[in-house]
Amino acid sequence: MKAVALTRYLPIDDPQSLQDVELDLPEPGPHDLRVRIEAVSVNPVDTKVRAPKPQTEATPKVLGYDAAGVIDAIGSEVTGFEVGDAVYYAGDITRPGSNAEYQLVDARIAAKKPDSLDFAQAAALPLTAITAWELLFQRMPFDIDSGGDGKTLLVIAGAGGVGSIAIQLAKRAGFTVIATASRMETIAWCRVMGADHVIDHREDLAPQLQALGFETVDAALNLADTDRYWTALGELLAPLGHVGLIVEPSGALKIGDPYKAKSIGIHWEMMFARPRFRTADMAEQGRILARVAELIDAGSLRGTLSDMLSPINAETLREAHRRLESGSTIGKLVVAGWA
């Protein structure tokens with residue numbers, strides 16, 4: 001099968017950073033689906049895994065942690081799926097990724113794709129939807145249906161992949177959502193996603209919130225830079241508030257006051273934790289994706305695809321990585337179709 005892989009960790013402008021390769025067709029294990037890939041999404045995790053480092057791989061390493069495609073084969077213990085079903089999923093960072101014609105994925109972390117979305121639109125959703133859902137409704141103590149009633153949520157980097165779906169989920173839960181963005185196009189995107197207010201994350205947050213009538217917020221998602229906003233969020237969060245984090249800090253965080261004084265809940269989210277550690281509840285990710293598909297098809301959530309490249313090959317994926325590393329992408333970038 002065709003695949004895009006690396007053996008050395010190089011800058012993305014190096015043509016050897018991602019290469020076209022031929023690999024053997026993988027055979028599914030008992031819990032696996034073998035999926036014929038139709039579209040993949042590129043996420044910051046792809047660029048972080050690929051980032052330059054001295055090590056080399058003895059065999060080609062395939063990246064890609066978002067996909068939509070059609071089931072080609074099924075493991076002996078799989079239930080609820082049939083060959084020919086269209087599915088979507090984020091996968092498992094400890095296994096070969098989706099930048100290949102065929103991929104094995106544990107059926108428990110996959111779901112049938114939304115009927116109303118094509119493969120490219122569906123591939124944009126899994127990683128970010130699971131991240132936002134787990135963070136808001138499983139790490140943080142809020143309920144999907146009414147947990148945000150009467151509460152305010154600040155979403156830093158609202159126009160990013162996770163921010164785009166987090167805004168929508170939070171609005172559905174009843175929050176007043178204040179997103180941050182710094183360009184006209186990202187401000188407009190946040191409003192389309194449903195943000196009630198948009199402020200500029202390049203400027204001090206407190207005066208902008210005060211101008212909107214908010215002295216504090218009940219919860220915040222820092223989806224961009226844990227270090228940069230740590231002190232500011234400690235001041236802005238209300239007593240007994242909550243902060244959700246997905247980006248590792250560059251050093252140790254000061255966890256004392258005001259976080260301790262206000263008894264602020266600090267919640268980390270890593271969406272690969274369940275499949276990586278084979279947790280007893282790893283099937284929860286499949287259930288989340290099934291619920292997201294229902295909400296998409298019902299019109300309660302909208303897709304977050306903003307741009308698409310084609311075909312799936314090394315040259316196109318290098319361009320997708322370049323765009324993501326530029327920091328200027330909005331929503332999700334998808335690569336679809338094989339040449």
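- Per an unreviewed UniProt entry, the protein chain goes by Zinc-type alcohol dehydrogenase-like protein and derives from Luteimonas flava.
- Under the UniProt heading Sequence similarities (unreviewed entry), the note attached to the protein chain is "Belongs to the zinc-containing alcohol dehydrogenase family. Quinone oxidoreductase subfamily."

## Looking at the overall build of the protein chain
Okay, step 1: The helix and strand inventory of the protein chain stands at 11 helices and 16 strands.
Okay, step 2: Expected size for 339 residues packed as a compact globule is a radius of gyration near 20 Å; at 20 Å, the protein chain falls within 12% of this value.
Okay, step 3: Overall size of the protein chain, expressed as C-alpha extent along the three principal axes, is 60 × 45 × 35 Å.
Okay, step 4: When burial is assessed residue by residue, the protein chain has 54% of its 339 residues classed as buried.
Okay, step 5: Contacts spanning at least 24 positions in sequence make up 70% of the contacts within the protein chain whose residues lie at least 6 apart.
Okay, step 6: Approximately 14,000 Å² of the protein chain is accessible, and the part contributed by carbon and sulfur atoms is 51%.
Okay, step 7: For the protein chain, the distance from the average site of its 33 positive side-chain charges to the average site of its 45 negative ones is 2 Å.

## Description of the sheet that holds strand β12 (residues 217-222)
Strands pair in a sheet through their backbones, by hydrogen bonds, and they do so in one of two ways: parallel or antiparallel.
Okay, step 1: Strand order in this open sheet of 6 strands is β11-β10-β9-β12-β13-β14, and the pairing throughout is parallel. Every interior strand has two partners, whereas the edge strands, β11 (197-199) and β14 (265-268), have only one. Strand-to-strand twist of the sheet, defined as the mean angle between neighbouring strand axes without regard to direction, takes the value 20°.
Okay, step 2: Note: strand β9 (residues 152-156) against β12, 4 bridges, orientation parallel. Counterpart to Ile156 in the pairing with β12 is Asn222.
Okay, step 3: Packing of helix α4 (residues 161-173) onto the sheet brings it into contact with β9, β10 (176-180) and β12, and relative to β10 it is tilted by some 165°.
Okay, step 4: Those strands touched by helix α5 (residues 184-193) are β10 and β11, and its axis lies near 155° from that of β11.

## What to know about the sheet that holds strand β4 (residues 53-62)
Okay, step 1: Read from one edge to the other, the open sheet built from 3 strands follows the order β2-β1-β4, with strand pairing classed as antiparallel. In this open sheet, the two edge strands, each paired with only one partner strand, are β2 (19-22) and β4. When strand polarity is set aside, the average angle formed by the axes of neighbouring strands in this sheet is 40°.

## Description of the packing of aromatic side chains
Okay, step 1: Tallied over the entire structure, the rule returns 4 aromatic pairs.
Okay, step 2: A cation over a ring is seen here: Lys113 above Phe119, with NZ or CZ 5.3 Å from the ring centre.

## What to know about the environment of Leu333
Okay, step 1: Relative to the helices and strands, Leu333 is located in strand β16 (residues 332-336).
Okay, step 2: You can call Leu333 buried: its relative accessible area is 4%.
Okay, step 3: When the C-alpha positions of Leu333 and Val40 are compared, they lie 8.8 Å apart, and in sequence the two are 293 residues distant.
Okay, step 4: Not counting the four nearest positions on each side in its chain, Leu333 is found in contact with Val40, Ser41, Val42, Asp307, Met308, Leu309, Ala320 and Arg323.

## Quick look at the UniProt feature "domain: Enoyl reductase (ER)" (unreviewed entry) in the protein chain
Okay, step 1: UniProt marks residues 13-335 with the feature "domain: Enoyl reductase (ER)" (unreviewed entry), using the numbering shown here.
Okay, step 2: Here residues 13-335 is 31% helix and 27% strand, with 18 Å between the C-alpha atoms at its ends.

## Notes on the environment of Pro26
Okay, step 1: Looking at the secondary structure, you find Pro26 in the loop between β2 and β3 (32-42).
Okay, step 2: On a C-alpha basis, the gap between Pro26 and Ile330 in space is 34 Å, while along the polypeptide they are 304 residues apart.
Okay, step 3: Residues within four places of Pro26 in sequence aside, it is in contact with Met1, Arg34, Tyr102 and Leu104.

Parameters at a glance
Residues numbered from 1 in each chain as written. Predicted model: local features only at pLDDT ≥ 70, side-chain atom pairs only at ≥ 80, totals over all residues. Heavy atoms only, no water. UniProt positions renumbered as here; feature names shortened; annotations may be inferred. Helix = DSSP H or I, 4+ residues; strand = E, 2+ residues; numbered from the N terminus. Rg over C-alpha atoms; globule rule 2.2 N^0.38 Å. Buried < 20%, exposed > 50% of the residue type's maximum accessible area, 1.4 Å probe, protein only. Contact = heavy atoms within 4.5 Å. Areas by Shrake-Rupley, 256 points an atom, 1.4 Å probe, with all protein chains shown as cover. Lys, Arg positive; Asp, Glu negative; His and termini not counted. Charge placed at Lys NZ, Arg CZ, Asp CG, Glu CD. Pairing = 2+ DSSP bridges. Axes fitted to C-alpha atoms, helices over the stretch in contact; angles between N-to-C directions. Phe/Tyr/Trp six-rings, centres within 6.5 Å; stacked < 30°, edge-to-face > 60°. Lys NZ or Arg CZ within 6 Å of the ring centre and 35° of its normal.

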